[in-house]
Amino acid sequence: MLKILSRPELTIIRDLAHAIWPLVYSKMISREQMDYMLEWMYHPDVLASKFDKGDSFYIMERAGMNVAYLHLEPAGEFAVKVQKLYVHPDHHGQGIGRELMLFAVNFAREQGRSLLELQVNRTNPAVAFYRKLGFEIVDEQDFDIGNGYFMNDYVMQLEV
């Protein structure tokens, strides 16, 4: 079941990120960078600020457990940015990511937007997942996120 979160429930996103990231990113970035990014992206004040400016946060529940999360951000006049989409590895291959992305497509259409955009680490196996869904790589960027760390990402887009 997909559930939209209220502002006080945003700690669920932080808890899921702290559970999922070490399993997903351990071969892509150092533990130090992971810890830095988790604090930088998932601090309660950061999440609240994004919520207050109009971002939407969702969790996917299966058998009473929170197994995935989705963060959508309006991006300009024509796009919705999929800021975050993570499925706990124990639940990969069950169609949850596809279901969340279909929800994002419908969300964008309902908002009158014609494009979904996301950034993904260039070494992340999820690149293949996004390509399978029809996303195309439109740019390759290295984002300086501070503390000597970079996000080495593809920017991908899907016309909806």
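Note that the structure is predicted; figures quoted are calculated from it, not measured. (Residues numbered from 1 in each chain as written. Predicted model: local features only at pLDDT ≥ 70, side-chain atom pairs only at ≥ 80, totals over all residues. Heavy atoms only, no water.)

What exactly am I supposed to notice about the pattern of salt bridges here?
Side chains carrying opposite charge are able to pair once their charged atoms draw close together. Under the counting rule described, the total for this entry stands at 8 salt bridges. Notably, a salt bridge pairs Arg62 with Glu99, separated by 3.0 Å at the nearest N-O pair. Of this pair, Arg62 sits in strand 2 (residues 56-62) while Glu99 is found in helix 4 (residues 96-110), placing the two residues 37 residues apart along the sequence. Residue classification places Arg62 among the partly exposed positions, given a relative accessible area of 25%. The salt bridge involving Arg122 is made with Glu140; its shortest N-O contact spans 3.7 Å. Within this pair, whereas Arg122 is found in the loop between strand 5 (115-121) and helix 5 (126-132), its partner Glu140 is found in strand 6 (residues 136-146), the two being separated by 18 residues in sequence. For Arg122, a relative accessible area of 24% corresponds to the partly exposed category. Among the charged side chains, a network of salt bridges with common partners joins Arg122, Glu140 and Asp142. (Salt bridge = Lys/Arg side-chain N within 4 Å of Asp/Glu carboxyl O. Helix = DSSP H or I, 4+ residues; strand = E, 2+ residues; numbered from the N terminus. Buried < 20%, exposed > 50% of the residue type's maximum accessible area, 1.4 Å probe, protein only.)

How should I be thinking about the nonpolar core in this particular structure?
In a soluble, globular protein the nonpolar side chains are often hidden away together inside. In terms of nonpolar packing, the biggest core is built from 27 residues, with Val82, Met101, Leu116 and Phe135 touching the most fellow members. For this core, the elements supplying multiple residues, two or more each, are strand 2, strand 3 (65-75), strand 4 (79-87), helix 4, strand 5, helix 5 and strand 7 (149-159). Non-local contacts of Met101, meaning those with residues more than four positions away in its chain, are made with Val82, Leu85, Leu116, Leu118, Tyr130, Leu133 and Phe135. With 24 residues, the next largest nonpolar core counts Leu10, Ala17, Ile29 and Tyr149 among its residues. (Core = buried A, V, L, I, M, F, W, Y, C linked by side-chain atoms within 4.5 Å. Contact = heavy atoms within 4.5 Å.)

Could you clarify how one ought to interpret the pairing of strand 6 in this entry?
Every other side chain in a regular strand lies on the same face of the sheet, so the side chains alternate between the two faces. Where strand 6 meets strand 7, 9 bridges bridge the pair, whose relative direction is antiparallel. Note on strand 7: the bridge partner recorded for Gly146 is Tyr149. Taken together, strand 6 and the strand that follows it, strand 7, pair antiparallel across an intervening segment of 2 residues, in which Asn147 is found at a positive phi of about 60°. (Pairing = 2+ DSSP bridges.)

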